[in-house]
Amino acid sequence: MSEPRIPFNRPALAGRELEYISDAITRGHLSGDGHYSRACHSVLEEILPGSRVLLTTSCTHALELAALLLRINPGDEVIVPSFTFVSTINAFVLRGARPVFVDVRRDTLNMDERQLTQRISGRTRAIVPVHYAGVGCEMDEILRIARDAGAAVIEDNAHGLFGTYRGRPLGTMGQMATLSFHETKNLSCGEGGALVINDADLVGRAEILREKGTNRSRFFRGEIDRYSWVDLGSSYLPSDLLAAYLFGQLEAREKIQARRREIWERYATELADWAARLGAGLPTVPAHCGHPYHLFYLMLPDLERRQALIRHLDERGIHAVFHYLPLHLSEMGRQFGGRKGDCPVSEDVSDRLLRLPFYYDLSESNQQRVIEALRRF
Ligand SMILES: Cc1ncc(COP(=O)(O)O)c(C=O)c1O
C-alpha cells in the first residue's frame, strides 16, 4: 500500500481555536472588532512593543491601507524587490503608483540595499522591504536611505512575525508594517492580516479608512455621539470568528514556534551534506537576524534539476513548490517597463528555489520521508 501524500502545507490547530470560535458565537458579536479582535490586538502589541496593531482581512488589504494612509497618488514611485508576492506592489499600483523594482541579495533573497540609492528619484514616496522567510532586511541602511530621500518605509512582514533584526522585532522599524495570517503562515486564521502602525499620527486615520471611511471606532469608544462618512475607506475588518481562531493560535505561539524550529533545524542539519554534494544551497541567516522558522528552501544548481526534483518528490508522494516569478518580468511588470536582465539575481533564484513541506504538525516520520527522498535524488 502506498504511503499517504505529504502536502506542502496544512493549517495548524494547536490550541483552543475551536473553543474560542464557539465562544465568539455565544457572545453574539460576529462582525469586526469584537472581544477576540481586541484580544488579538493586545497580544500582537505585546509582541511588537511600541506599535499599534489593527487586524485586517489580509496582508494584501493591510498593504492597501498603508498606501491609502500614505496618500499615494498617480505618478508616485514605490520601490519594491522584484522577488516578492504580487500584493507587495499591487496595493500601491491600485493608487496609481509606478513600481520601481530592485534586485535581491544572493544570500538572504532580501531587497539589495546597495542598489537602492540608484533607484531613488524625486518621485519616490515609499520603499517596501520584504523580510523574505522572516529574515530581516538590512534595515539600518534602508531606513537611512529612505530618510535621506524623504520616503516612507513600509515593512512587508508577511513572513516575519517573531523575527528580529539587530535585536529589534521585524515590523517595528518602518513607519508601518504588514502581517499575514493566511493559512500558509506560522500563525493563521485562513485569510487574515494586520496593519502595524509605528507612527502615532497615522492611527486615527487608519481607524477611519479601515471602517469604510467613517469615524465609527471613535463612536464605539463613546468619544462622539454619532458616526458619519469623513474620509476615503473600505471594509478591512475581519469577522470576530476569524479573530477567535487567530487568538487561539496567538495563545499557542510558543508551542507552534518551538515545533517549527525543530522542523527547520532538522532539515538544515540532515540535508547539509546532501546539499553540498549536489551543489545546492540552503537558507542563509545572518548572525544579526533572528528568524521565525517560516519556510525552508533549497537553491538547486539550475532550473532543470529543480524541475526534476519536483517530479522526483511528486512520484514519492511529496508536494514541494516554488515561488516567486520575478515581478518585473510579469505581464504587468513589463507594462511598467520591466525587461529581462533588470534584476538578474531575482531571475536566477526564481528558477532554482524549491520550498519543502513545512507545517506545524509535520510528523518526524513524514519529515524523515522527505529527507530520505531528497537523499535518493
Ligand atoms: C511577501 C508577501 N506579501 C504579501 C502577501 C499577501 O498576503 P495575504 O495572502 O495575507 O494577502 C504574501 C502572501 O503570501 C507574501 O508572501
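As the structure is a computational prediction, the values presented were derived from the model and not from experiment.

Our focus in this paragraph is the overall build of the protein. The helix and strand inventory of the protein stands at 13 helices and twelve strands. Taking the principal axes of its C-alpha atoms as reference, the protein extends roughly 70 × 55 × 35 Å. Long-range pairs, those at least 24 residues apart, make up 70% of the contacts in the protein with a sequence separation of at least 6. For the protein, the exposed area adds up to about 16,000 Å²; of that, 50% sits on carbon and sulfur atoms. Here the protein contributes 46 positive and 48 negative side-chain charges, whose respective centroids are spaced 2 Å apart.

Next up on the list: the environment of Phe 377. Along the chain, Phe 377 falls in the segment after α13 (364–375). Among the residues examined, Phe 377 registers a relative accessible area of 27% and is labelled partly exposed. Placed 211 residues apart in sequence, Phe 377 and Arg 166 show a C-alpha to C-alpha distance of 38 Å.

Before going further, it helps to examine the pairing of strand β1 (residues 52–56). Burial analysis of β1 places four of its five residues in the buried class, the great majority of the element. Sheet analysis places β1 next to strand β9 (residues 193–197), joined by five bridges and oriented antiparallel. When the bridges of β9 are listed, Thr 56 appears paired with Gly 193.

Attention now moves to the pairing of strand β3 (residues 98–102). The buried count for β3 comes to four of five residues, which makes it a mostly enclosed element. Pairing geometry for strand β2 (residues 77–81) and β3, over five bridges, is parallel. Bridge assignment links Ile 79 to a residue of β3, and that residue is Val 100. As a crossover connection, the stretch from β2 through helix α4 (residues 87–93) into β3 is right-handed.

The next thing to look at is the sheet that holds β1. If you trace the seven strands from one edge of the open sheet to the other, you get β1-β9-β8-β5-β4-β2-β3, paired in mixed fashion. Pairing within the sheet leaves two strands with one partner each, and these edge strands are β1 and β3. For this sheet, the mean inter-axis angle between neighbouring strands, taken without regard to orientation, is 25°. Docked against the sheet, helix α2 (residues 35–47) engages β1 and β8 (176–180), running at close to 135° with respect to β1. Relative to the sheet, helix α6 (residues 203–210) contacts β1 and β9, its axis offset from that of β1 by approximately 10°.

Lining the immediate environment of the ligand, one finds 15 residues, of which Thr 60, Asp 156, Ser 180, Lys 185 and Tyr 324 sit closest. At 2.7 Å from an oxygen atom of the ligand is found a side-chain nitrogen or oxygen belonging to Lys 185. In the model, an oxygen atom of the ligand is placed 2.9 Å from a nitrogen or oxygen of the Tyr 324 side chain. Against a free-state accessible area of 400 Å², the protein chains account for coverage of 92% of the ligand. Classifying every residue of the shell around the ligand by side-chain character gives five nonpolar, eight polar and two charged.

Rules used in this analysis
- Residues numbered from 1 in each chain as written.
- Predicted model: local features only at pLDDT ≥ 70, side-chain atom pairs only at ≥ 80, totals over all residues.
- Heavy atoms only, no water.
- Helix = DSSP H or I, 4+ residues; strand = E, 2+ residues; numbered from the N terminus.
- Contact = heavy atoms within 4.5 Å.
- Areas by Shrake-Rupley, 256 points an atom, 1.4 Å probe, with all protein chains shown as cover.
- Lys, Arg positive; Asp, Glu negative; His and termini not counted.
- Charge placed at Lys NZ, Arg CZ, Asp CG, Glu CD.
- Buried < 20%, exposed > 50% of the residue type's maximum accessible area, 1.4 Å probe, protein only.
- Pairing = 2+ DSSP bridges.
- Right-handed = clockwise from strand over helix to strand, strands pointing away.
- Axes fitted to C-alpha atoms, helices over the stretch in contact; angles between N-to-C directions.
- Near = heavy atom within 4 Å.
- Polar contact = N/O pair within 3.5 Å; in protein donor to acceptor, adjacent residues only side chain to side chain.
- Nonpolar A, V, L, I, M, F, W, Y, C, P; charged D, E, K, R; others polar.

Nothing here speaks to function; it is all geometry.
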